[in-house]
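Structure at a glance
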Amino acid sequence: MSTFEVFRGSSEGKIVQDTVTRSVKPHEVFIETTHSGLCGTDEHYLRTGQVLGHEGIGIVKEVGQDVTSVKVGDRVGFGYTHEVCASCDNCTSGWDQYCREQKLYGFKDLDNGTFSYGAVWDSKCVYKIPDGYDSVNAAPLMCAGATVWTVMTEYGVAAGQRVGIMGIGGLGHIAIKLAAAMGCHVVVLSSSESKRQEALDYGANEFVVFRSGEAAPQDFKPLKHLLLCGSAAVDYISLVPLMDTHGSIYPLTVSMTPTPVPLAHLNMNGVKIQCSLVAPRRSIQSLFEFAARKNITPTVMTFPMTVDGVEDAMQKLRDGEIRYRAVLVR
């Protein structure tokens, strides 16, 4: 049995420290959490009473009898998916009943999260961190980094293509760095001039001031891919003129409010709106390897992993004061 401290949300919207005791099953590991990223998704689940967090880094302290992929002492990442079946890497049955009911952040396993001093996780859902890659930088890759990396590796993004990044925030700044390191021609679209130099420093080739709902800038060369990393409220009609024929738009920040989709405009230009699942395991592991090899790190602010530290970080996130990912450090 493993007993550890955790930080839950509450119906009042406050952070509550609690104690959890869990047994380690044969396929599981107990991880002593050292770092956790903070994500906008955590705000969505703040009032549910669950243990928050899905961008964890820690040290394996105990392994179940069937675990062979990691050992005690390994430094690992753990995130949105808590548990999967044994056959995912070779699955031929598609999104089956088990997959639909797997343990995901915000859905099941509500006593486990990365805002914690420990967690019990399926060993198939933990990822070794490359030696020399700092844990404070690794934490945001578990969700923010994995979200943009999955788009770049699953949907045909290639070196030399014009790749647009709309929004320079928690997702967008990592997307710029990754796309630039892949050899893409990176075009950043932002609502003001204030972040121009920062975007160029991160690797952007072009910086364009553009607000959703406005006309496309004159002489704008079309994009093959456009990652929406800012506000969830976008006017898709205004985005279509930015796109190349058969280009793809990826909405990576979403809300529960219905979004009008201008099918006629999309059809006339062969433009696709491509959504993305939770990052697969192969994507997360390849991201760590790529980031370590290319020395790509997110821009972070750190906070102590205490009730006050979590509250402070979440309030700054609400106020738009995080540049660009918050990381809780034990």
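Scroll up to find the structure this text is about.
In short, a report on the structure. (Residues numbered from 1 in each chain as written. Predicted model: local features only at pLDDT ≥ 70, side-chain atom pairs only at ≥ 80, totals over all residues. Heavy atoms only, no water.)

1. A word on the overall build of the protein chain
Worth spelling out the cut-off: Counting from the N terminus, the helices are the DSSP runs of H or I reaching at least four residues and the strands are the DSSP runs of E reaching at least two. It is over C-alpha atoms that the radius of gyration is taken, and the globule rule equals 2.2 Å times the number of residues to the power 0.38. Under the scheme applied here, a residue whose accessible area is under 20% of the maximum for its type counts as buried, over 50% as exposed, and between as partly exposed, the area being computed with a 1.4 Å probe on protein chains only.
Secondary structure assignment for the protein chain yields 10 helices and 17 strands. Taking 2.2 N^0.38 as the reference for a compact globule, 330 residues should give roughly 20 Å; the C-alpha atoms of the protein chain span a radius of gyration of 20 Å, in line with that estimate. Along the first, second and third principal axes, the C-alpha atoms of the protein chain reach 65 × 45 × 40 Å. With 330 residues in all, the protein chain has 51% of them scored as buried.

2. Considering the sheet that holds strand E15 (residues 272-273)
This is how it is decided: Pairing between two strands is assigned when DSSP locates at least 2 bridges connecting them. Contacts are residue-level and defined by heavy atoms, with any inter-residue pair within 4.5 Å sufficient. Axis geometry follows a simple rule: fit a line to the C-alpha atoms, using only the stretch in contact for helices, then measure angles between N-to-C directions, giving values from 0 to 180 degrees.
The strand order across the open sheet formed by 6 strands is E12-E11-E10-E13-E14-E15, and the pairing between neighbours is parallel. What marks the edges here is a single partner per strand, and that holds for strand E12 (206-209) and E15. As judged from the 4 bridges shared by strand E11 (residues 185-190) and E12, these two strands associate in the parallel manner. Its bridge partner lying in E12, Ser 190 is registered against Val 209. Lying on the sheet, helix H5 (residues 172-181) is in contact with strand E10 (162-166), E11 and strand E13 (223-228); it crosses E11 at an angle near 165°.

3. Here's the deal with the pattern of salt bridges
What counts here: We count a salt bridge whenever a side-chain nitrogen from Lys or Arg sits within 4 Å of a carboxyl oxygen from Asp or Glu.
Following the criterion strictly, the structure yields 13 salt bridges and no others. For the salt bridge of Glu 83 with Lys 103, the shortest nitrogen-to-oxygen distance reads 3.2 Å. Linking Glu 83 in strand E6 (residues 81-83) with Lys 103 in strand E7 (residues 103-104), this pair joins segments that are 20 residues apart in sequence. Glu 83 gets classed as buried once you look at its relative accessible area, which sits at 14%. Note on Lys 103: relative accessible area 23%, which makes it partly exposed. Across the pair Glu 214 and Arg 211 runs a salt bridge whose closest N-O atoms are separated by 3.5 Å. Look at Arg 211 and you get partly exposed, because its relative accessible area is 41%. Taken together, the shared-partner salt bridges connect Arg 8, Asp 18 and Asp 111 into one network.

4. Observations concerning helix H9 (residues 281-294)
Put simply, the test is: One fewer than the residue count of a helix, multiplied by 1.5 Å, yields its expected span.
Between its first and last C-alpha atoms H9 spans 20 Å; for 14 residues at 1.5 Å apiece the expected length is 20 Å, and the two agree. Packed against the buried residues of H9 are strand E9 (126-128), helix H3 (135-138), helix H4 (144-154) and H5. Positive phi shows up at Asn 295, right after H9, with a value of about 55°.

5. Thoughts on unusual backbone geometry
Look at the link from Arg 323 to Tyr 324: it is a cis peptide, with omega at -10°. For Tyr 324, the position within the fold is in the loop between helix H10 (307-318) and strand E17 (325-329). Residue Asp 109 is not a glycine yet carries a positive backbone phi of 55°. Here Asp 109 shows up in the loop between E7 and strand E8 (119-122). Residues other than glycine seldom take positive phi values, yet His 246 does so here, at roughly 65°. Tracing the sequence through the fold places His 246 in strand E14 (residues 243-251).

6. A closer look at the state of the cysteines
Note the threshold: Any cysteine sulfur atom paired with another within 2.5 Å is treated as part of a disulfide.
One pass over the structure, following the stated rule, counts 0 disulfides. Cysteine Cys 143 shares no disulfide, and the gap to the nearest cysteine sulfur, in Cys 39, comes to 4.0 Å.

7. Re the nonpolar core
When a protein is soluble and globular, its nonpolar side chains tend to lie buried together. The condition is simple: To qualify as a nonpolar core, a set must consist of buried Ala, Val, Leu, Ile, Met, Phe, Trp, Tyr and Cys residues joined through side-chain atoms within 4.5 Å.
Of all hydrophobic cores here, the largest spans 46 residues; its most connected members are Val 148, Ile 176, Leu 178 and Leu 227. Elements that contribute at least two residues to this core include exactly H3, H4, E10, H5, E11, helix H6 (196-202) and H9. At 6 residues, the largest contribution of residues to this core is made by H4. In this structure, Ile 176 is in contact with Ile 165, Ile 168, Val 186, Val 188, Ala 199, Tyr 202, Gly 203 and Ala 204, ignoring residues within four places of it in sequence.

8. A few points about the packing of aromatic side chains
The line we're drawing: Here a pair means two rings of Phe, Tyr or Trp (six-membered ring of Trp) with centres within 6.5 Å. Their orientation is stacked below 30 degrees between planes, edge-to-face above 60, and tilted elsewhere. To sit over a ring, a charge needs its Lys NZ or Arg CZ within 6 Å of the ring centre and within 35 degrees of the ring normal.
Enumeration according to the criterion identifies 7 aromatic pairs in this entry. Measuring from centroid to centroid gives 5.3 Å for Tyr 45 and Tyr 105, while their planes differ by 75°, and the two rings are edge-to-face. Taken together, the positions of Tyr 45 in the loop between helix H1 (40-44) and strand E4 (56-63) and Tyr 105 in the loop between E7 and E8 put the pair 60 residues apart, joining distant regions of the chain. Pairing Phe 78 with Trp 121 gives two aromatic rings, centres 4.9 Å apart and planes at 70°, and the pair type is edge-to-face. Placement of the pair is Phe 78 in strand E5 (residues 75-78) and Trp 121 in strand E8, with a sequence separation of 43 residues. Across this residue pair, the class does not change: Phe 78 and Trp 121 are buried. Grouping aromatic residues by their ring pairs yields a cluster made of Tyr 45, Tyr 80 and Tyr 105. It is Arg 162 that lies over the ring of Phe 220; its NZ or CZ is 5.8 Å from the centre. Between Arg 330 and the ring centre of Tyr 117, over which it is positioned, the NZ or CZ distance is 4.3 Å.

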